[in-house]
Amino acid sequence: MTIDTRAIERRALLRAAALGGAGLGLLPLFPAWAQSGTPGTVRQNETLTGEDIRLTVNHGPFSTGGRSGHSVTVNGTIPGPLIRLREGQNVRLHVDNRLDEDTSIHWHGLIVPFQMDGVPGVSFPGIKPRSTFTYEFPIRQSGTYWYHSHSGHQEQSGLYGPLVIDPAGADPVAYDREHVIVLSDWTFMHPHQLMQRLKQEAGFFNRQRTTLLRRLQGKDRMSAADRAMFAKMRMDPTDILDVTGAAYTYLINGHGPDENWTGLFKPGERVRLRIVNAAAMTIFNVRIPGLPMEVVASDGQHVRPVTVDEIQIGNAETYDVIVTPGEGAYSFVAEAMDRSGMGVATLAPRQGMRAAVPPLRERPILTMKDMGMGDMAGMDHGTQDGGTAMAMDHGKMDMRDESKVPFEVGVGVDMIAPMPMDRSGDPGLGLENAGHRVLTYRDLVSAVPNPDTRAPTRTVEVHLTGNMERFMWSIDGKKLSEAPEPIRFERNERVRVTMINHTMMTHPMHLHGHFFEVVNGHSGNHPVKHTVRVLPGATQSFDLTADAPGDWAFHCHLMLHMHAGMMRVVTVRPMYGDAA
Amino acid sequence: MKRLILLLALGVSAPALAQHQGHGAHQSAPPAEAPDPHAGHVMPKAAPAPAPPADPHAGHHMPEAAPADPHAGHHMPEAPSADPHAGHHMPEAAPADPHAGHDMAKSAPPVAPPPAAALSGPAHAADAVYGAEAMAPARAVLREEHGRIRTGKVLIDRLEYRSRKGRDGFAWDAEGWYGGDIDKLKLKSEGEGAFGERLEHGEAQALWSHAIDPWFDLQLGLRQDFGQGPDRTHLALGVQGLAPYWFELDAAAFVSTKGDVTARVEAEYDLRLTGKLILQPEAELQFSLQDVPELRIGSGLSTAEAGLRLRYQVKPEFSPYLGVEYQRGFGDTARLRRTAGDDAGGWSLLLGVRAWF
């Protein structure tokens, strides 16, 4: 084990500066559970609990890596306070907006009446400047959730925090200690400028493109057929995430990698980590070298425990894992999916320890499978006789066959996946050959049988569409700004929603107000989630009981995709009475 | 109840395991845990790819059962043309069905429109709670902020010093735009000259740029020339965009107020040598339908140029470069140049910057 003495010295300096009072105003403030060294959340009461919870939204400075920038926060911290509730209670959340613009807070994953869901223009008008709005609803569930603004770019600016609900009875997961771990992406650029840059030059933040030098060095191993196909399609095989480490500092509980957030434990304890991906534009690969993770819940819902070494976590997904650390320190690594940077924290028996931090791994490169050309893309072209013939077939394949889809294929749709496939058994981009166990959706099995045993009566197809070059994102070829027809469900209707990803990006799709069952082959015990990653060139289905009357948002949780138009309103009717 | 028993069982077995690991080789691969019935699923490679069934199209025929117009008979009050299911003809997608052979596909229900009851009730649920007056502006903002993004860019593609036979010169090529995804106002300007002489040629264009496919824009507008010879005004019509294999193309035809018809095609390509070093070959051809002696333009292919610029990307928005360019006149253009005592063409060494914001 090597210890990064440089970082420790740096931290010591920071601490000395804080003690001396110098620069105190620039240092980030954290809620107790997220402070630089914390014994965890169990038996702490600095979190917000009870029936009346007061939250203040305001501007403020945020510092990381020695720089300070403008942020929008809840109660002055990034992340915001941990809201800790109990199943069965009622809660009133009073949100005081001190900004000069509208705000809102969406309770991500909570089953609430539609008018309390917090999406301006869908569920309510929003919270006007210098006014207070009170959300009130009963708590009908337990698990790990979070909250964030649904207004403008406030989430990117820091308006998010964790929300944990303890079960009414005994917790079915046994653990000695817990830590809440909020992953996020911080930028000193103005969020509007992120969008502007992407519209000006879609690959602006990608500093890991293929180059002639890398090719000569034998890196970026692509078959000639793949290389030609991507160039012909005007698609960049290294376009993995739109905003990258070139703009982001990846935070763990508000701490940059050098600030080393440390979660304490006693060796041998069962430690529950409640991991929330609160990032605006980053899908993370999470691992703790040397420490297997036993996944016990996803999106707040229990799953049959499954032990893995790495988990890809899409924006807005949450995972509860149990780890049992021994002596010594461990690095908790949240590597951005495109490997352009990482968030690093430490789990240790004592404050001030640091384990080896693994270097960034080689960034992944997209394949024809990600282009929706099916599984044959996984074969090795060129080495076998069949390779050439297959490459020719690929070359002839129509990558924008309008007859394959039931919507108008316009400027905003640069590709129609010719052979999209079920990828629920895939670990996520770049993790196919990680060399250890990586969680896939097929590994998730609900711990309790799915409550609604009815077979879905119809399928609703949702086509995820985009234009990478113009940074346009849409559903069924239409942006929300084009006032598309909502997706309509009858109340209590049992329906299968099949999302088809015609783009080469992973989209974490989130449906408000409902849990759905991810169709992964474990019929009857499908994992229950509120957000599901749809891999490039993939189809992903979920079964839904549309039991929450009202209007709801359905969108990609890559926030700039949502703002570019990848969003729909979902209606559930009738409002009263029992249909179906 | 079943849930409780299962989880209690886990609760008992797991800490024992944990204790064991806590004192020993916790870094070795953990044993397959008895309570985990999915041990076989942990390895991604183990995900079973089911053998295709005898009939790979099993289950694919159901969309055909849907009526040609699934919305026939439904009252669709709002923009029925926006309905994604209008004119649905999914059977074509059959080979793309990812569920072929998967057990869950066997029960995949048909694609169908929503039941009638789903269309009942208020158009906007929140209006009943917060009032339509409060919700209508919020809905307008929602739409505005989810897809209607307007932005702009100024690109100075070339601003260069040209070292050549005779007097050294300079050249620029810049454009700017503002607008949304489909429609933009586009301004372009280019020109060249020699130091200490009157500007050889300069022009500015103001264009309406309209996206016609994912990569190309149609452009229509006016071009004003200035520099040596008479200053002409042209109507400009062109296409600009990204061609397959990453070629940037800009092609336009011009009709001057004197009735002269000319055309121009430019192509360039960025070859990334390293993350910061980019080699850009570029070519431009100009054509004319007629001789325009006062501008020293001959009919047919009038001029051609080919350039090679090597730029160093200090940051994506700023790159100084070095380059060479060869330019010459053809046919009558060459003759007109020689008559004036100039060479038909020649080489230039270039030193310049590319910048955008």
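Residues numbered from 1 in each chain as written. Chains lettered and ligands numbered in written order. Predicted model: local features only at pLDDT ≥ 70, side-chain atom pairs only at ≥ 80, totals over all residues.

1. Side note on the overall build of chain A
Our working definition: Where helices and strands are cited, they refer to DSSP runs of H or I of at least four residues and of E of at least two residues respectively, numbered from the N terminus. Here the C-beta atoms are placed from the backbone, and a residue counts as buried if at least 20 other C-beta atoms lie within 10 Å of its own, exposed if 12 or fewer do, and partly exposed otherwise. Residues are treated as contacting if the C-beta atoms built from their backbones sit within 7 Å of each other.
When helices and strands are tallied, chain A shows six helices and 32 strands. Sorting the 580 residues of chain A into buried and exposed places 64% on the buried side. The contacts of chain A with a sequence gap of at least 6 include a subset with a gap of at least 24, amounting to 77%.

2. Brief notes about the overall build of chain B
Broken down by element type, chain B carries five helices and 13 strands. In chain B, buried positions account for 26% of the 357 residues. In chain B, of all internal contacts separated by at least 6 residues, the share reaching a separation of at least 24 is 42%.

3. Looking at the nonpolar core
Filter applied, for reference: Among buried residues, those of type Ala, Val, Leu, Ile, Met, Phe, Trp, Tyr and Cys that are joined through C-beta atoms within 7 Å form a set called a nonpolar core.
Ranked by size, the top nonpolar core spans 174 residues in total, and within it A:L183, A:I275, A:F284, A:V295 and A:V321 carry the most contacts. Discounting chain neighbours no more than four positions away, the residues touching A:L183 are A:I252, A:I275, A:V276, A:N277, A:A278, A:A279, A:F284, A:A334 and A:G343.

4. Looking at the pairing of strand 17 (residues 310-313) of chain A
Looking down a regular strand, the side chains alternate between one sheet face and the other. Residue and element names in this part refer to chain A. Put simply, the rule reads: For two strands to be treated as a pair, DSSP must find at least two bridges joining them.
Here strand 17 shows a buried face lined by E310 and Q312 and a second buried face lined by I311 and I313. Sheet topology note: the strand 14 (residues 284-287)/strand 17 ladder contains four bridges and is antiparallel. Paired with V286 across the two strands is I311, which belongs to strand 17.

5. Thoughts on unusual backbone geometry
All names here are of chain A. With omega at -5°, the peptide bond leading from I78 into P79 counts as cis. Looking at where P79 falls in the secondary structure, it is placed in the loop between strand 3 (67-74) and strand 4 (83-86). For the bond from R573 to P574, the omega torsion is 0°, close enough to zero to count as cis. A positive phi angle, near 60°, is found at R234, a position not held by glycine. Of note, R234 is situated in the loop between helix 4 (224-233) and strand 11 (248-252).

6. Re the environment of A:R568
Residues and elements named next belong to chain A. Assignment of secondary structure puts R568 in strand 32 (residues 567-573). Sequence separation between R568 and L511 is 57 residues, and the spatial gap between their C-alpha atoms is 9.5 Å. Setting aside chain neighbours within four positions, we find R568 in contact with I475, L480, P484, P486, I487 and F554.

7. Focus: the sheet that holds strand 32 of chain A
Residues and elements named next belong to chain A. Worth spelling out the cut-off: Here an axis means a line fitted to C-alpha atoms, over the contact stretch when the element is a helix, while the angle between two N-to-C directions is reported on a 0 to 180 degree scale.
With mixed pairing, five strands are arranged side by side in an open sheet as 24-32-31-26-29. Among the strands making up the open sheet, the edge pair consists of strand 24 (487-490) and strand 29 (531-534). Put simply, the sheet's adjacent strands are angled 20° from each other on average, direction ignored. Of the pairings in the sheet, the one linking strand 26 (residues 507-511) to strand 29 comprises four bridges and is antiparallel in character. When the sheet's bridge partners are listed, M509 is paired in strand 29 with V532.

8. Some remarks on helix 2 (residues 191-200) of chain A
Of all ten residues in helix 2 of chain A, seven are buried, a share of seventy percent or more. Listed in full, the buried residues belonging to helix 2 of chain A are A:P191, A:L194, A:M195, A:R197, A:L198, A:K199 and A:Q200. On its buried face, helix 2 of chain A is in contact with strand 10 (177-187) and helix 6 (559-564) of chain A together with strand 1 (151-164) of chain B.

9. Concerning the sheet that holds strand 14 of chain A
All names here are of chain A. Strand order in this open sheet of six strands is 1-12-20-19-14-17, and the pairing throughout is mixed. Two strands bound the open sheet, and with one partner strand each, they are strand 1 (37-38) and strand 17. As paired strands, strand 14 and strand 19 (residues 330-336) are joined by four bridges and run antiparallel to one another. Each residue of the ladder has a partner; that of V286, found in strand 19, is A334.

10. Digging into helix 4 of chain A
Threshold: An arc is given here, and it is the one of the directions from the helix axis to the C-beta atoms.
Of the residues making up helix 4 of chain A, those classed as buried are A:A225, A:D226, A:M229 and A:F230. The arc that holds every buried residue of helix 4 of chain A, seen down its axis, measures 125°, which confines them to one face.

11. Re the confidence of the model for chain A
Residues and elements named next belong to chain A. Here is the rule: Per-residue confidence from the predictor is reported as pLDDT, which spans 0 to 100.
For chain A, per-residue confidence averages 90 on the pLDDT scale, and residues scoring 70 or more make up 90% of the total. Segment residues 1-28: pLDDT under 50, and 28 contacts once partners within four positions in sequence are set aside and those in other chains are kept. With pLDDT under 50 throughout, residues 377-392 is counted as low confidence; its partners more than four residues away or in other chains account for 16 contacts.

12. Remarks on the environment of A:M368
Among the structural elements, A:M368 can be located in the loop between strand 20 (342-348) and helix 5 (385-396). According to the C-beta neighbour criterion, A:M368 is buried, with 28 such atoms within 10 Å.

13. Some details on the confidence of the model for chain B
Residue and element names in this part refer to chain B. Scored by pLDDT, chain B comes out at a mean of 79, with 70% of its residues at no less than 70. Low pLDDT (under 50) marks residues 1-105, which in the prediction has 151 contacts with non-local residues, meaning those over four places away or in another chain. On the interface metric, ipTM, the complex scores 0.90, and its pTM is 0.85.

14. Comments concerning the pairing of strand 22 (residues 458-467) of chain A
Residue and element names in this part refer to chain A. With respect to burial, strand 22 is a largely interior element, nine of its ten residues being buried. Where strand 22 meets strand 25 (residues 493-501), seven bridges bridge the pair, whose relative direction is parallel. When the bridges of strand 25 are listed, R458 appears paired with V495. Where strand 22 lies against strand 23 (residues 472-475), four bridges are found, and the strand directions are antiparallel. Opposite G466, over in strand 23, you have W473 as the bridge partner. Linking strand 22 back to strand 23 in an antiparallel pair, the connection comprises four residues, with F471 at a positive phi of about 50°.

15. What to know about the environment of A:G203
Residue and element names in this part refer to chain A. Along the chain, the position of G203 falls in the loop between helix 2 and helix 3 (212-216). Classification of G203 as partly exposed rests on a count of 17 C-beta atoms within 10 Å. Between the alpha carbons of G203 and K396 there is a distance of 27 Å; along the sequence they are 193 residues apart. Once residues within four sequence positions are removed from consideration, G203 is found in contact with R209, D236 and D239.

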